[in-house]
Amino acid sequence: VDYQVDFVNGALGFPAAEAIEDAICARIRACREAGGTVVYTLDLHDADYLRTQEGLHLPVPHCLIDSDGVQLFGRVGLARRPEDIVFGKDTFGSCQLMDWLRAQDDVSEIELCGVVTSICVLANAVIAKTAQPNVPILIDARAVADNDAAQGEKALDVLQGIHCTVVGREKAD
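If you're wondering where the values come from, they're calculated on a predicted model, not measured in any experiment. (Residues numbered from 1 in each chain as written. Predicted model: local features only at pLDDT ≥ 70, side-chain atom pairs only at ≥ 80, totals over all residues. Heavy atoms only, no water.)

Student: Whenever I open this one, the side chain of Glu21 confuses me. Can you help?
Tutor: Structurally, Glu21 is set in helix α3 (residues 21-33). Ignoring anything within four residues of it in the chain, the contact list for Glu21 reads Tyr3, Phe73, Gly74, Arg75 and Val76. (Helix = DSSP H or I, 4+ residues; strand = E, 2+ residues; numbered from the N terminus. Contact = heavy atoms within 4.5 Å.)

So, in structure tokens, the structure goes:
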């Protein structure tokens, strides 16, 4: 989810985002080895971002279409393959992800990783749970990050509350 330059070391970057790169790459490798499908969401905004509801609340232009900030960050970007699925989105959750998940009849597990835990990861987990209510959803806390650590921990609590399995927390799994 949104592991893009602007969220890692760009306009909205934060150190914890860069620190999860290895964990995300490991999850991508594990997914491929298990024969799974890798799906990326990309935050994408037009030049009028500051006039949007999000821009009014977060007045920091980021992930502007055709900017370097929209690119997948580092080795995660290098791990992307042509057969991977990529959904652009101009808000926290991806409607395309929901539509795609609803159309899948062979999903056995959904795993989410990326940034920001309390915003886009949470929103897309709710979308995944709505689209595939009987499919287990996994979040490895070592592969998600939030610019506000306390808020990120609260989001992980909420994710557990909606029956996602959260592993890798410093407190008891």
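The discussion continues.
Student: Just checking my understanding: could you explain the pattern of salt bridges for this structure?
Tutor: Oppositely charged side chains can form a pair if their charged atoms are brought close together. Enumeration over the complete set of coordinates arrives at ten salt bridges. Here Arg75 makes a salt bridge to Glu21, at a shortest N to O gap of 3.7 Å. With a gap of 54 residues between them, Arg75 in helix α5 (residues 74-79) and Glu21 in helix α3 connect regions that are remote in the sequence. Look at Glu21 and you get buried, because its relative accessible area is 11%. For Arg142, the salt bridge identified is with Asp140, shortest N-O distance 2.9 Å. Bridged by salt links that share partners, the residues Asp2, Asp43 and Lys89 form one connected network. (Salt bridge = Lys/Arg side-chain N within 4 Å of Asp/Glu carboxyl O. Buried < 20%, exposed > 50% of the residue type's maximum accessible area, 1.4 Å probe, protein only.)

Student: Honestly, α3 in this entry has me stumped. Any pointers?
Tutor: Two residues of an α-helix separated by three or four positions point the same way, owing to the 3.6 residues in each turn. For α3, which comprises 13 residues, the first-to-last C-alpha distance of 18 Å matches the rise-based estimate of 18 Å (1.5 Å per residue) to within 8%. Taken together, the buried positions of α3 are Glu21, Ile24, Cys25, Ile28 and Arg32. Considered in projection along α3, the buried side chains sweep an arc of 100° and stay on one side of the axis. As for α3, its buried residues are in contact with α2 (15-19), β1 (39-43), α5, β3 (110-115) and β4 (137-145). One or two residues past the end of α3 sits Gly35, with phi positive at roughly 80°. (Expected span 1.5 Å × (residues − 1). Arc of directions from axis to C-beta.)

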